[in-house]
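Results of the structural survey
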Amino acid sequence: MMHSDQTFMARALELARKGLYSTHPNPRVGCVVVRDGQIVGEGWHARAGEPHAEVHALRQAGEQARGATAYVTLEPCSHHGRTPPCADALVAAGVARVVAAMQDPNPQVAGNGLERLEQAGIQVQCGVLEGEARALNVGFIKRMEQGLPFVRVKLAMSLDGRTAMASGESQWITGPAARAAVQRLRARSSVVLSGADTVLADAARLTVRADELGLDAELTALAVTRPPLRVLVDGRLRVALDVPFFQAGSTLVATSVAASEAERYRHEGHELLEVPGADGYVDLRQLLVELAARGANEVLVEAGPRLAGAFARLGLVDEYQLFVAPKFLGSSARPLLDWPLAHMAEAPQLKIVEMRAVGDDWRIIAVPA
């Protein structure tokens, strides 16, 4: 029995991953309905406001759901949001058993969904492939538990740890395969965040380019209908409104100056957010709190050494994704992070969780130890 539980939950997780680029601010969830050892219904959550995974799977299963087992990657919801509670739908369908990968961290659910199923006489089990389920929704979990989004910092560097020439020139360090991987990182994020230096030096747009995603037609279509919010950290409003970044669509600008300029930005289709910190800089932690309050699960930081270094120094980074190109940029080129350290004992320890070739480059995923 244990083996088949894991097999069917693995399939539910596979379905949940289809929502990687489109479910924000909701979690990615998959569901499989099994009767007599055979899958009779499958579903996954595609977009907020649309039916949840359980509803799709139960519709497909029809009458065969009665007496069946439902495998779902997240505890079925028990509250009325934009859609009715999935726990009620499972009860109404007459399933005999529900296996959940993990409890929902949303305080509005948090065990209530499983409790409702048990009260209806349904056998309930929780914790099958929980690690995989949590990994799929790290941002949603962190937002629900800590009121902060999961922060991923993407860095591209040479073998000698440099990110740009002394002039600031940095396009393109890495090759097409690495750039496609970055496009997918953008597409899965709620927010893509950068700083004035990067936007000015690279004429960066930081948009999701559908033709570079390398996904199938269905997932590409979903990804482009839910582009991430592009956020510019511009403490002193140095970036003019006619640069490519602003021309590429509406943005949120976080600044430390008085919001007297707000109307000018709003007139151009952008939002100005005042987040004053010390010494004229934006309070980055408060900015993350604000983004989480707006439903941001995952924030991708694509910035230069100063802003990326500031996130790192403040301990706000959950994961680093480093793309390493097989080239040297030389000793006058810019460092990876602006993070002056005087002693070896101060050096932050990281744990490498993945390292693999991406085209001619390498990708290292590391987390604070």
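This one's a predicted model, so the numbers in the text were calculated from it and none came from an experiment. The residue numbers shown here count from 1 along each chain, following its written sequence. For this predicted model, a pLDDT threshold of at least 70 governs which residues receive local features, and a threshold of 80 or more governs which side-chain atom pairs are given and counted, while totals over whole chains, interfaces and linings are taken from all residues. Side-chain metrics rest on all non-hydrogen atoms present in the structure, leaving aside hydrogens and water.

**Observations concerning the UniProt feature "binding site: substrate" (unreviewed entry) in the protein**
As a reminder, the rule being used: UniProt positions are given in the numbering used here, feature names are shortened, and annotations may be inferred rather than shown by experiment. Strands here mean DSSP runs of E at least two residues long; helices mean DSSP runs of H or I at least four residues long; both are numbered from the N terminus. Only protein chains enter the accessibility calculation, which uses a 1.4 Å probe; a residue is then buried when its area is under 20% of its type maximum, exposed when over 50%, and partly exposed in between. Two residues qualify as a contact provided that any one of their heavy atoms is within 4.5 Å of a heavy atom in the partner residue.
Those residues carrying the UniProt feature "binding site: substrate" (unreviewed entry) are Ser170, Arg186, Leu206, Arg209 and Glu302 in this numbering. For arginine 186, the location among the structural elements is in helix H7 (residues 176-188). According to the relative accessible area criterion, arginine 186 is buried, its value standing at 8%. When neighbours within four sequence positions are excluded, arginine 186 is seen to be in contact with Val192, Leu206, Thr207, Val208, Arg209, Pro228, Leu300 and Glu302. For leucine 206, a relative accessible area of 6% puts it in the buried group.

**Structural notes on helix H13 (residues 305-313)**
Within H13, 7 of the 9 residues are buried, which leaves the element mostly enclosed by the surrounding structure. Among the residues of H13, those classed as buried are Pro305, Leu307, Ala308, Gly309, Ala310, Phe311 and Ala312.

**Things to note about the pattern of salt bridges**
Put simply, the rule is: Here a salt bridge means any side-chain nitrogen of Lys or Arg lying within 4 Å of a carboxyl oxygen belonging to Asp or Glu.
If you walk through the whole model with that rule in mind, you get 24 salt bridges. Counted as one network, the salt bridges with shared partners bring together Arg28, Arg152, Arg188, Glu298 and Glu319.

**Topic: the packing of aromatic side chains**
Describing an aromatic ring pair means giving the distance of the ring centres and the angle of the ring planes. Using the following cut-off: Note on aromatic contacts: the rings of Phe and Tyr and the six-membered ring of Trp form a pair at centre separations within 6.5 Å, being stacked when their planes are under 30 degrees apart, edge-to-face when over 60 apart, and tilted otherwise. By definition here, charges over rings are those cases where NZ of Lys or CZ of Arg is within 6 Å of the ring centre and within 35 degrees of the ring normal.
Tallying each qualifying case throughout the model produces 3 aromatic pairs. Taken together, a centroid distance of 5.8 Å and an interplanar angle of 75° make the contact between phenylalanine 245 and phenylalanine 246 edge-to-face. Like phenylalanine 245, the residue phenylalanine 246 is buried in the burial classification. Where phenylalanine 246 meets tyrosine 265, the ring centres are 6.1 Å apart and the plane angle is 70°; that geometry is what we call edge-to-face. Of this pair, phenylalanine 246 sits in helix H10 (residues 244-247) while tyrosine 265 sits in helix H11 (residues 262-267), placing them 19 residues apart in sequence. Tyrosine 265 shares its class with phenylalanine 246; the two are buried. Feature note: the residues Phe245, Phe246 and Tyr265 constitute an aromatic cluster, connected by ring pairs. Over the ring of phenylalanine 245 we find arginine 230, and its NZ or CZ is 4.6 Å from the ring centre.

**Brief notes about the sheet that holds strand E5 (residues 123-126)**
How we decide: By definition, two strands form a pair when at least two bridges between them are found by DSSP. The angle between two axes is taken between their N-to-C directions and runs from 0 to 180 degrees, where each axis is a line fitted to C-alpha atoms and a helix contributes only its stretch in contact.
What the 5 strands build is an open sheet, ordered E2-E1-E3-E4-E5; its pairing is mixed. Each edge of the open sheet is held by one strand with a lone partner, namely strand E2 (38-44) and E5. Direction aside, the axes of adjacent strands within the sheet are offset by 15° on average.

**A short note on the packing of helix H3 (residues 86-93) against helix H4 (residues 112-119)**
As a reminder, the rule being used: An angle below 35 degrees is treated as roughly parallel, one above 145 as roughly antiparallel, one from 65 to 115 as roughly perpendicular, and anything else as oblique. Definitions for this section: a left-handed crossing has its near helix turned counterclockwise from the far helix by less than a right angle. A right-handed crossing has that turn clockwise.
With their axes 9 Å apart at the nearest point, H3 and H4 run at an angle of 20° to one another. Here H3 is positioned roughly parallel relative to H4, judged by the angle of their axes. The handedness of the crossing between H3 and H4 is right-handed. Here Ala87, Asp88, Leu90 and Val91 of H3 come into contact with H4, specifically with Gly113, Arg116 and Leu117.

**Here's the deal with the pairing of strand E15 (residues 350-358)**
Along any regular strand the residues' side chains alternate between the sheet's two faces. Note that E15 and strand E16 (residues 361-368) share 8 bridges and pair antiparallel. Counterpart to methionine 355 in the pairing with E16 is isoleucine 364. Here E15 folds back onto E16 in antiparallel fashion, the turn holding 2 residues, of which glycine 359 has a positive phi close to 65°.

**A closer look at the domain arrangement of the protein**
This is how the line gets drawn: What marks off one domain from the next here is an automatic or database domain assignment. For this analysis, a polar contact is any N or O atom pair within 3.5 Å, provided that within protein one partner can donate a hydrogen and the other can accept it, and provided that sequence-adjacent residues contribute only side-chain to side-chain pairs. Side-chain classes follow a simple rule in which Ala, Val, Leu, Ile, Met, Phe, Trp, Tyr, Cys and Pro form the nonpolar group, Asp, Glu, Lys and Arg form the charged group, and the remainder, Gly included, forms the polar group.
As far as domains go, the protein holds domain 1 (5-135) and domain 2 (147-368). Centre-to-centre separation of domain 1 and domain 2, based on C-alpha positions: 34 Å. Taken together, the 11 residues of domain 1 in the interface contact 15 residues of domain 2. Counting the contacts that link domain 1 with domain 2 gives 2 salt bridges. For arginine 28, the salt bridge goes to glutamate 298, with nearest N and O atoms at 2.7 Å. Inspection of the region where domain 1 meets domain 2 yields 7 residue pairs in polar contact (both at pLDDT 80 or more). Its residues assigned to classes, the side of domain 1 that touches domain 2 comprises 5 nonpolar, 3 polar and 3 charged.

**Looking at the packing of helix H2 (residues 53-61) against H3**
Packing of H2 against H3 brings their axes to within 9 Å, and their N-to-C directions diverge by 20°. In terms of orientation, H2 lies roughly parallel with respect to H3. Where H2 crosses over H3, the two elements pack in a sense that is left-handed. Contact residues: H2 offers Glu54, Val55 and Leu58, while H3 offers Cys86, Ala89, Leu90 and Ala93. Tallied by class, the residues present in the contact of H2 with H3 amount to 6 nonpolar, no polar and 1 charged.

**Notes on the sheet that holds strand E8 (residues 191-195)**
What the 9 strands build is an open sheet, ordered E11-E10-E9-E8-E12-E6-E13-E16-E15; its pairing is mixed. Where the open sheet ends on each side, the last strands, each with one partner, are strand E11 (271-274) and E15. Within the sheet, the average angular offset between the axes of one strand and its neighbour, ignoring direction, is 25°. Contacts from H7 reach strand E6 (150-158), E8, strand E12 (298-301), strand E13 (319-325), E15 and E16, with the element oriented near 160° to E13. Sheet contacts for H13: E6, E8, strand E9 (229-233), E12 and E13; angle to E8, the most-contacted strand, approximately 115°.

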